[in-house]
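Read off the chains here:
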Amino acid sequence: MLQKLTISSSSFLLPKHPAWDLLSNKYNIDYKYIGNFSGALLSKSDDQILVNILFFSDFYDENLLNDFNPDKVNNPIIDLIKKKAEVSKQPLIFALSSWSSFNIVSSVFKKPLAEKIYLDFISRLSSLQKTYSNIYFFNLDYVFANLGFSKIFDRRNWYLANCRVSDIGLEEIAKSLNSVLERIYLPSKKLIVLDCDNTLWGGIIGEDGIKSINLGEDGIGKAFLDFQKTLKGLFNSGILLTICSKNNEKDVMNVFENHKFMQIKKEDITNFKINWKEKSENIVKISKELNLGLDSFVYWDDNPFERQKVSKALPQVLTITPSDKVENWPDQLRTLNCFGKFNATDLDKKKTYQYKVRSQFVKGKEKATEELSYLKSIKLKAKKIDLNSSTLSRAVQMTQKTNQFNLRTKRYSKKDIENFGRNKKDIIFLTDLKDIFGNHGPVGLIIGKCLNKKTIFIDTFLISCRVFGRYLESWMLREIKITAKRKGYKEIYGEYIQTEKNVISKEVLKQHNFKKIDKKKSDKIFKDLKITGELYASSINNIKFPKAKLYD
Amino acid sequence: MIEKKISFCLKTIFKKEKIPKRITNLEYGNFKSWDSLTHLNLLLTIERKFKIKFTLNEMYELRSVKEIIKVIEKKQK
């Protein structure tokens, strides 16, 4: 079943035009509110993604007004949006255009009204966004400006069908919505694999030498410099940088350590693979060492031959085809939509460091002959953290993003998590982990939901992939046992719902002495909770966690 | 050649209809789904395909494939 998507707008937009195919192939589109955006905001349905395409010039007639208070237009709309955001479980996306045909001379003294309304509108939408994280908005005019307004708007369509834009305009709207929706629903890319020669700098280090490569303040060297600066910006926003280059390690390191124009420093690179092996082989190795899926990888290399080999061997990796003109690279990299992350939290910034730590952990583990003595030696320390205003967004983020160790993969909103936190009969806590490799921050979340006085159900149990292999799950189950016992619970239920990615958590409950049971027998206890996966149960006293000792 | 291209446009817009081999006699309203909206979508698709622009008046007046072919021929000269 395709997800439902309602497209609404302030003026008409030619439903079923082929321009929408991009979206209608992926979503079940409802066009009934085209030209009637307020109807869409008023509608009772809460299970549809709602798109509002607003042209601010639809809200007044410039020729009939001298002066105008933006409040008059915006108050009622903002009210409607607020009410909708309160009930809707799905994204509310606003695509906004304040374009109007304007007279350059009169605009010197007087701002066009559409712009005034627009500025007031977005400032209020931004403040709503702080409360309702399902609100998204973007400025369509930036999208339109790329092609030029004269191509985007079409007066003939306006007089024929009340549609402001041309078919090209429709296509641009559909494309931009598609990018935003992809960022909401598909995992974003987390890592870039970079080549060195003719990618980070111009020329070939092994032949030209450090003095002759192109990187600096002049000409083409500046394009490489800007490309590196853009990479640095991505790095600062939490994207991991890795190197995969066919070269002599000594030569490349020499550039990293001694070239004064290198913007990316050695310590910014999470993983180096400088050797003469196949790049695909190296990329797989990086993925294993960092425990990151290949589908979160982006690969940038100027060499079409290498690109072709990688994209053939590893189709999951997003292989970029860089423009054949280096001067376009900084812009090309900046406008890649695959990194965009919504709801980034402060903790993201720390993650680069943590992945690096993870890399060291895996290497150490290979060496340790006896797993347990090794784990003992890294001095694991876990801590329970209660839910509060500062940990709430991390808890929400974990339910949204954790795919592998996640028993039920239930995605929750801020409001959902708050509700768990409110009911004192429920148990909810995050887990903070530290070891000799560093402070990993909050990496686990467990939610126990009260079914009745004696029975509790593990609604959510997840652990971030960065800290796999440390038996943190045992410690967390021990903690929930202690708390559940104190609250008087006698029995505990858990469910495993299989997804494409969470096989790793399939055996967890069994390993801790839960028994698989027939779901029909216990239907009554679950009331309105639907059990679709494998159901497990144990009496509170019977849960066992031999590995939790590692943390004592 | 013109007919072939228009036939392609008809298929793009009226995905669910069966488009006959000879299209010169087709006109607005021939299929259930050929209404004012899909007609506009069709004209815009034809413009793209032939790299021409209709005037607003032409868009009001063009109702049949025959008329459309005539205008395209005129514009291509």
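All of the points below concern the structure found in this document. Remember, predicted model here, so these are calculated numbers, not experimental data.

What counts, and where the lines are drawn
- Each chain has its residues counted from 1, following the order in which its sequence is written.
- Chains and ligands are labelled sequentially in the order written, the chains with letters from A and the ligands with numbers from 1.
- Where totals are concerned, whole chains, interfaces and linings use all residues; where local detail is concerned, this predicted model gives features only for residues with pLDDT of at least 70, and gives and counts side-chain atom pairs only at 80 or more.
- The basis for every side-chain value is the complete set of non-hydrogen atoms in the structure, without hydrogens or water.
- Two aromatic rings, drawn from Phe, Tyr or Trp (for Trp, its six-membered ring), form a pair once their centres lie within 6.5 Å of each other, and the interplanar angle then sorts them: stacked below 30 degrees, edge-to-face above 60, tilted otherwise.
- Under the DSSP-based scheme used, a helix requires at least four consecutive residues in state H or I and a strand at least two consecutive residues in state E, with every element numbered from the N terminus.
- Residue burial is assigned from relative accessible area. The probe radius is 1.4 Å, only protein chains are included, and a residue is buried under 20% of its type maximum, exposed over 50%, and partly exposed in between.
- Lysine and arginine charges are scored as sitting over a ring when NZ or CZ, respectively, is within 6 Å of the ring centre and within 35 degrees of the ring normal.
- By definition in these notes, contact holds between two residues if any of their heavy atoms fall within 4.5 Å.
- Note: buried area is the sum, over both parts, of the accessible area (probe 1.4 Å) each one loses when the two are combined.
- Each reported salt bridge corresponds to a side-chain nitrogen of Lys or Arg within 4 Å of a carboxyl oxygen of Asp or Glu.
- In the analysis that follows, any N or O atom pair within 3.5 Å is treated as a polar contact, provided that within protein one partner can donate a hydrogen and the other can accept it, and provided that, for residues neighboring in sequence, both atoms belong to side chains.
- Lys, Arg, Asp and Glu make up the charged group, whereas Ala, Val, Leu, Ile, Met, Phe, Trp, Tyr, Cys and Pro make up the nonpolar group; the residues left over, Gly among them, are polar.

### Observations concerning the packing of aromatic side chains
Residue and element names in this part refer to chain A.
- This structure, assessed with the given rule, holds 21 aromatic pairs over all chains.
- Geometrically, the ring pair formed by W300 and W329 is edge-to-face, given 5.6 Å between the ring centres and 75° between the ring planes. Taken together, the positions of W300 in strand β9 (residues 297-300) and W329 in helix α15 (residues 329-334) put the pair 29 residues apart, joining distant regions of the chain.
- Judged by relative accessible area, W300 falls into the buried class, the value being 1%.
- The ring of F429 has K384 lying over it, and the distance from NZ or CZ to the ring centre is 5.1 Å.

### Concerning the interface of chain A and chain B
- Taken together, the contacts link 15 residues of chain A with 16 residues of chain B.
- When chain A packs against chain B, the two sides together hide about 1300 Å² of surface, and 60% of this comes from carbon and sulfur.
- At the boundary of chain A with chain B, the tally comes to four salt bridges.
- D21(A) is the salt-bridge partner of K15(B), the closest N and O atoms lying 3.5 Å from each other.
- Where chain A meets chain B, there are seven residue pairs in polar contact (both at pLDDT 80 or more).
- Mapped onto the side of chain A that touches chain B, the elements with two or more residues apiece are α8 (155-161) and α9 (167-185) of chain A.
- In terms of residues, the side of chain A that touches chain B owes the most to one element, α8(A), which gives five residues.
- Counted by class, the side of chain A that touches chain B contains eight nonpolar, two polar and five charged residues.

### Notes on the environment of T45(B)
Residues and elements named next belong to chain B.
- The residue T45 is located in helix α2 (residues 36-50) in this model.
- Exposure remark for T45: the relative accessible area of 14% places this residue in the buried category.
- Separated by 35 residues in the primary sequence, T45 and L10 have C-alpha atoms spaced 8.8 Å apart.
- A polar contact is formed between the side chain of T45 and the backbone oxygen of N41, at a distance of 2.7 Å.

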